[in-house]
Amino acid sequence: MAVTLKVTFWERGEWAVLEVAGELDLVTSPVLRQRVHDAVADGRHQLVLDLSEVFFCDSSGVGVLIATRRLIRSCQGRLRLILPGQGGAEGSHVNRVLAALGVRRLFDVHRDVTSATDDEARPLSA
């Protein structure tokens, strides 16, 4: 069975939301990279990546997340990640991978889209 990556785009206010589901790895990460570039090319510089349905992420996926952060920062935009899971964000596979690599602190992480798109909401601690 081939596992794929599904990326769904929608907007909430001034935020572009990309819901990502499946495996984020060497084969599938170019899909997310392209969708991010498409959103930025369309002038969307406030981006939420909802990774709550990503059940596997390797270094290629982490590379896309870091490249996305760099791209959004170069546009003076804002990037927020959603990393929920069992027991809060600590249970998310992607969260554990980012923490293990020491890059979790680079991201503004929220539990859900409502929090991520609310300018008053505080991110989860690293």
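An account of the accompanying structure is given in this report. Predicted, not measured: the structure shown is a model, and the values here were computed from it.

The next subject is the pairing of strand β2 (residues 15–24). By the criterion of burial, β2 is predominantly enclosed, with eight of the ten residues buried. The pairing of strand β1 (residues 5–12) with β2 spans eight bridges and is antiparallel. Looking across to β2, one finds that Leu5 is bridged to Gly22. What sits between the antiparallel neighbours β1 and β2 is a turn of two residues, in which Gly13 has the positive phi angle 65°. By the bridge criterion, eight bridges tie β2 to strand β3 (residues 46–57) in an arrangement that is parallel. Counterpart to Glu23 in the pairing with β3 is Phe56.

Between the first and last C-alpha of helix α1 (residues 29–41) there are 18 Å, a value that for 13 residues agrees with the 18 Å anticipated at 1.5 Å per step. Buried within α1 are the following residues: Ser29, Leu32, Val36, Ala39 and Val40. Projected onto a plane normal to the axis of α1, the buried residues spread over an arc of 100° and lie on a single side. Buried residues along α1 sit against β1, β2, β3 and α2 (59–74). Looking one or two residues past α1, Gly43 carries a phi angle of roughly 90°, positive in sign.

Moving on, we get to the environment of Glu53. With respect to the helices and strands, the residue Glu53 is situated in strand β3. By relative accessible area, which is 54% here, Glu53 ends up exposed. Linking Glu53 and Thr4, residues 49 residues apart in sequence, is a C-alpha distance of 12 Å. The contacts of Glu53, once residues within four sequence positions are left out, are Val20, Ala21 and Gly22.

Bringing the side chain of Gln46 into the picture now. Mapped onto the fold, Gln46 is located in strand β3. A distance of 3.3 Å separates the side chain of Gln46 from the side chain of Glu14, its partner in a polar contact.

Attention shifts here to the sheet that holds strand β4 (residues 78–82). The mixed open sheet is built from five strands, whose spatial order is β1-β2-β3-β4-β5. In this open sheet, the two strands that pair with only one neighbour each are β1 and β5 (108–110). Taking each pair of neighbouring strands and ignoring which way they run, the sheet shows an average axis angle of 25°. α1 rests against β1, β2 and β3 of the sheet, and its axis sits at about 20° to β1. Sitting on the sheet, helix α3 (residues 93–101) touches β3 and β4, and the angle it makes with β3 is about 95°.

Turning our attention to unusual backbone geometry. Although it is not a glycine, Gln76 sits at a positive phi angle of roughly 55°. On the secondary structure map, Gln76 appears in the loop between α2 and β4. For Gln76, a relative accessible area of 70% translates into the label exposed.

Reading the values: the criteria
Residues numbered from 1 in each chain as written. Predicted model: local features only at pLDDT ≥ 70, side-chain atom pairs only at ≥ 80, totals over all residues. Heavy atoms only, no water. Buried < 20%, exposed > 50% of the residue type's maximum accessible area, 1.4 Å probe, protein only. Helix = DSSP H or I, 4+ residues; strand = E, 2+ residues; numbered from the N terminus. Pairing = 2+ DSSP bridges. Expected span 1.5 Å × (residues − 1). Arc of directions from axis to C-beta. Contact = heavy atoms within 4.5 Å. Polar contact = N/O pair within 3.5 Å; in protein donor to acceptor, adjacent residues only side chain to side chain. Axes fitted to C-alpha atoms, helices over the stretch in contact; angles between N-to-C directions.

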